[in-house]
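Working through the structure, step by step
Here are the chains, one letter per residue:
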Amino acid sequence: MYRSASLNQPQRHVRVVTLIDLLGRHGGGEQIALSIATNLDQTRFDSTLCISRWPPPGGLDHDMRETVDHLAAVGVGLVGLARRGKADFWVWRQLVGLLRRERVDVLHTHKFGSNVWGSLLGRAAGVPVVIAHEHSWEYEGRPVRQILDRHLIARRADRLIAVSREDQRRMVEVEGIPLARTMFLPNGIPRAQPTNNCDVRAELGIEPEAPVIGSVGSLFPVKAFDVLLRATALLTRDRPQLQVLIAGEGTQHEALMALARELGVSGSVRFLGRRNDIPEVLRALNIAVCCSLSEGSPLSVMEYMRAGLPVVASAVGGVPDLIEAGVHGLLVAPSDPQALAAALAELLGDPERARTMGVRAYERQRAEFDLELMVRRIEGLYEELLSVARH
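First, a word on scope: everything that follows refers to the structure included in this document. (Residues numbered from 1 in each chain as written. Predicted model: local features only at pLDDT ≥ 70, side-chain atom pairs only at ≥ 80, totals over all residues. Heavy atoms only, no water.)

**Some details on the environment of His 108**
By the element assignment, His 108 lies in strand S5 (residues 106–110). A relative accessible area of 0% means that His 108 is categorised as buried. As a C-alpha pair, His 108 and Thr 18 span 90 residues in sequence and 4.8 Å in three-dimensional space. Those residues in contact with His 108 that lie beyond four places of it in its chain are Val 17, Thr 18, Leu 19, Ile 36, Ile 131, His 133, Ile 161, Ile 378 and Tyr 382. (Helix = DSSP H or I, 4+ residues; strand = E, 2+ residues; numbered from the N terminus. Buried < 20%, exposed > 50% of the residue type's maximum accessible area, 1.4 Å probe, protein only. Contact = heavy atoms within 4.5 Å.)

Right under this line is the structure:
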């Protein structure tokens, strides 16, 4: 078991352990878990992050090492369990021992696997408050997961958090979980960080007046970048100067590049790979796109809003919670390149309307989907449930 820092802090603080499978800043659930753990009010909470699938010796990449250093710098404890596979049940004894030894007040788990184990073991260890945080609802055709949600997680956890209203609706109507056991809590992102003033258009040789659309996300099937490529093929018939930027990496990279060649849009589409300067990339866009097949509460869409961009997105999952059609952007049906192309053409043809939508998106993100606001709500939930548990 890897462990750094200490939980031996003054008793007056509420002791919180955040449990998630992986250490990272690229998956949405991982980012949110890390953000909550590192932004709790240190005058009231002692925070520890527990990673169940800690990498083997030498397995930390550069980003992981940076995250470990950041946790130490902000005073958050870090515990790593050597779980390598589903059958490694023995590692959970270490978590139970930690929860009992340190008299942890709140166990906050994230994503399905950690929610299952945390709701089971948190109660076994006598933790007063257990919270399960689900980051997307993708259980169609997965009856076992629905059963575990309803009969294990929802019964043993004090709250099952949904990151979108649609997820909460499905928990109640599809899984049969009592509404009172659930809570809708949208994600939040931090205020914009200082930029390095890099001109991405100049870097890529794109003319200042050229129309540019783009998207940020992992190149996996659920993100449906093939739909964006097919929409691009329709758009470039009338807009040959259009440029499309796609930032991200994943298993579909080669297939998407092949599709771009097949559609004849290789000259219009730039696959940027992984970028550490996403704010600068977004500054190069006129319109941002989210064409996913499913989403929870997508951080990428919040980043687009923070950048003041109008958003054209699939009306799936929690996206309608963020983007009101006609106000902050336009919503379209998923898997529909024609509808996506038409919505993009509509905004490309009306730049003033697009700019107005971008301003509204920026204002809404700051007011409703801010990281500090999300964390304060979480803190309030911890204290409310603890008060009930202690009485």
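**Digging into helix H2 (residues 62–73)**
Its 12 residues give H2 an end-to-end C-alpha distance of 17 Å, which sits within 8% of 16 Å, the value for a rise of 1.5 Å per residue. Within H2 the residues assigned to the buried category are Asp 63, Met 64, Thr 67, Val 68 and Leu 71. The arc that holds the buried residues of H2, viewed along the axis, is 140°, so those residues lie on one side. Those residues of H2 that are exposed and angled more than 90 degrees off the buried face are Asp 69, Ala 72 and Ala 73. Immediately downstream of H2, the backbone of Gly 75 shows phi near 80°, a positive value. (Expected span 1.5 Å × (residues − 1). Arc of directions from axis to C-beta.)

**Considerations on the sheet that holds strand S13 (residues 311–314)**
In spatial order, the strands read S11-S10-S9-S12-S13-S14; together these 6 strands make up an open sheet with parallel pairing. Strands at the two margins of the open sheet, each flanked by one partner only, are strand S11 (269–273) and strand S14 (329–332). Pairwise comparison of adjacent strand axes, ignoring direction, gives a mean angle of 20° for this sheet. Strand direction decides the pairing type here: strand S12 (residues 287–290) and S13, joined by 3 bridges, are parallel. Counted as the bridge partner of Cys 290 is Ala 313 from S13. In this fold helix H13 (residues 337–348) packs onto strand S9 (212–216), S12, S13 and S14, with an angle of close to 165° to the strand it touches most, S14. (Pairing = 2+ DSSP bridges. Axes fitted to C-alpha atoms, helices over the stretch in contact; angles between N-to-C directions.)

**Points about the packing of helix H4 (residues 112–124) against helix H5 (residues 143–156)**
Two numbers describe how H4 lies on H5: the axes approach to 9 Å, and their chain directions differ by 35°. Crossing handedness for the pair H4 and H5: left-handed. Contacts from Phe 112, Asn 115, Val 116, Ser 119, Leu 120 and Arg 123 of H4 reach H5 at Arg 145, Leu 148, Asp 149, Leu 152, Ile 153 and Arg 156. Of the residues belonging to the contact of H4 with H5, the class tally is 6 nonpolar, 2 polar and 4 charged. (Left-handed = near helix turned anticlockwise from the far one by under 90°. Nonpolar A, V, L, I, M, F, W, Y, C, P; charged D, E, K, R; others polar.)

**A word on the pairing of strand S4 (residues 77–80)**
Covered by surrounding structure in S4 are Gly 77 and Val 79 together with Leu 78 and Gly 80, the residues of both alternating faces. Examined bridge by bridge, strand S3 (residues 45–51) and S4 share 4 bridges and lie parallel to one another. Looking at the pairing, Cys 50 lines up with Val 79 of S4. Of the crossover connections in this fold, the one passing from S3 over H2 to the parallel S4 is right-handed. (Right-handed = clockwise from strand over helix to strand, strands pointing away.)

**Comments concerning the environment of Asn 197**
Along the chain, the position of Asn 197 falls in the loop between strand S8 (182–184) and helix H7 (200–204). Residue classification places Asn 197 among the exposed residues on the basis of a relative accessible area of 63%. Along the sequence, Asn 197 and Trp 117 sit 80 residues apart, while their C-alpha atoms lie 45 Å from each other.

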